[in-house]
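Each chain is listed here by its residues.
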Amino acid sequence: MSLMQFQELLKKEPKYRLAQAKKALFRDLIESWQEATALPLSLREELDKKCSIEKPENTFISKDKNTVKNLFILADGLKVETVLMRHKDKRNTVCVSSQVGCPLGCSFCATGKMGFKRNLESWEIIEQVLFFARYLKKEKEKVSNIVFMGMGEPFLNYQHVIEAIKTLNDKEGFNLGARHFSISTVGITEGIEELAKEKLQINLAISLHAPDNELRSRLMPINKTYPIEKVLSAVDNYIEKTRRRVMFEYIMIKDLNDSEEKAEALAKLMKKPLYFVNLISYNPTESFKASLPSKIKKFKEVLEKEGVAVTQRYRFGQDIEGACGQLAAKMFSIE
Ligand code: SAH
Ligand code: SF4
């Protein structure tokens with residue numbers, strides 16, 4: 001992945017060249033700079049040499065074809081993964097990474113197990129999306145949603161994440177509406193506060209996964225710094241400012257957080273306007289198993305009975321280890 005220096009390289013050119021290059025990249029979704037015919041040949045060649053556009057060389061497709069995963073090798077040799085989820089209704093969601101690895105070490109997450117290498121630059125985030133936009137263009141489809149649910153904690157890389165969103169939201173460029181972006185966070189309150197101040201109407205999702213601090217701290221060590229009451233108080237301020245709905249993610253882990261008692265406790269926390277819970281099937285890792293469907297059903301019923309808004313999310317792409325929490329770039333050891 002080497003798109004990063006492209007703006008730098010165009011600095012020596014007249015200003016309109018940058019606009020032309022951006023149009024080629026974001027609108028025409030060129031696969032090689034040679035296709036950017038508005039630019040002079042010598043510049044195209046230089047761009048191809050120094051800022052080549054990613055080719056689908058490390059791409060894996062699930063058996064049902066609904067999930068596609070790509071491994072990106074960054075300029076410094078580190079690797080990140082990105083997943084495309086193709087829904088039946090033609091929605092295409094790109095699940096992007098914001099960091100190489102993750103420093104937060106949640107016990108149920110494969111990314112958390114690999115440790116932390118570094119934050120991604122905004123262009124490294126943008127390129128993950130453009131890659132799949134080009135991929136879909138071949139089938140006359142488009143990226144309709146972008147979720148920050150790949151590797152890493154987006155609010156530990158706030159500036160680059162917001163910069164990437166602003167670039168992809170830009171009307172002159174990729175032009176994806178703000179409402180089509182979602183950030184998932186463990187609840188870094190500073191990030192929630194900053195997001196409330198942005199003029200962007202993007203969606204916020206909080207990884208809750210447990211209704212009490214004792215269990216949540218066991219699953220997510222960061223809960224010691226950002227315990228449930230602190231996170232919910234930041235969310236309440238966010239809602240007061242933005243009047244936007246907030247999603248609470250709750251992965252269903254066998255015999256850990258899926259009892260009726262936990263559902264009752266969760267209902268007490270979640271019974272608020274503009275809160276909604278998303279129950280997520282756990283993608284098994286070495287450490288834990290997924291809850292039985294009957295348990296999930298019962299859990300959902302308890303929440304519904306208590307008047308909590310609740311939805312359910314299924315698995316995507318398990319066979320290519322392309323599901324949430326399974327991204328770890330471990331399949332590829334091209335050191
Ligand atoms: N770091 C952020 C965003 C990336 S993780 C966060 O934690 O919110 C995106 C989502 O995938 C989070 O809700 C996370 O808890 C969840 N997740 C992690 N491992 C998972 C697994 N094995 N199965 C299902 N979801 C998982
Ligand atoms: Fe990091 Fe999110 Fe995985 Fe936790 S769940 S380790 S915060 S990527």
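Residues numbered from 1 in each chain as written. Chains lettered and ligands numbered in written order. Predicted model: local features only at pLDDT ≥ 70, side-chain atom pairs only at ≥ 80, totals over all residues. Heavy atoms only, no water.

## Some words on the packing of helix α5 (residues 122-137) against helix α6 (residues 158-169)
One can describe the packing of α5 onto α6 by two numbers: an axis separation of 8 Å at closest approach and a directional angle of 45 degrees. It follows that α5 is oblique to α6 by the angle criterion. Two packed elements cross with a definite hand, and for α5 against α6 that hand is right-handed. Note on element contacts: α6 touches α5 through H160, V161, E163, A164, T167 and L168, opposite S122, I125, I126 and V129. Across the contact of α5 with α6, the residue classes tally to six nonpolar, three polar and one charged. (Axes fitted to C-alpha atoms, helices over the stretch in contact; angles between N-to-C directions. Helix = DSSP H or I, 4+ residues; strand = E, 2+ residues; numbered from the N terminus. Parallel < 35°, antiparallel > 145°, perpendicular 65-115°, else oblique. Left-handed = near helix turned anticlockwise from the far one by under 90°. Contact = heavy atoms within 4.5 Å. Nonpolar A, V, L, I, M, F, W, Y, C, P; charged D, E, K, R; others polar.)

## Observations regarding the domain arrangement of the protein
According to the domain assignment, the protein contains domain 1 (1-54) and domain 2 (56-333). Taking the mean C-alpha position of each, domain 1 and domain 2 sit 32 Å from one another. Every contact between the two is made by 14 residues of domain 1 and, on the other side, 26 residues of domain 2. Interface of domain 1 and domain 2: buried area, both sides summed, is about 1800 Å²; carbon and sulfur atoms make up 65% of it. In this structure, the connection of domain 1 to domain 2 is made through one salt bridge. Its salt-bridge partner being E31, residue K138 comes within 3.3 Å of it at the nearest N-O pair. Where the side of domain 1 that touches domain 2 is concerned, the elements lending two or more residues are α1 (6-10) and α2 (15-27). Among the elements that take part in the side of domain 1 that touches domain 2, α2 stands out by supplying three residues, more than any other. Within the side of domain 1 that touches domain 2, the residues separate by chemical class into nine nonpolar, one polar and four charged. (Domains from an automatic or database assignment. Buried area = accessible area lost by both parts, 1.4 Å probe. Salt bridge = Lys/Arg side-chain N within 4 Å of Asp/Glu carboxyl O.)

## Side note on the sheet that holds strand β10 (residues 246-252)
Spatial ordering of the open sheet is given by β1-β2-β3-β4-β7-β8-β9-β10-β11-β12, a layout of ten strands whose pairing is mixed. Looking along the sheet, the strands with just one partner apiece sit at the ends: β1 (59-61) and β12 (310-313). Direction aside, neighbouring strands of the sheet carry axes that sit 20 degrees apart on average. Sheet topology places strand β8 (residues 181-185) next to strand β9 (residues 203-207); four bridges connect them, and they run parallel. In the strand pairing of β9, T185 is matched with I206. Seen against the sheet, α6 touches β7 (145-148) and β8 and runs at an angle of roughly 170 degrees to β8. Strand contacts of helix α9 (residues 228-242): β9, β10 and β11 (275-281), with the helix running at about 145 degrees to β10, the strand carrying the most contacts. (Pairing = 2+ DSSP bridges.)

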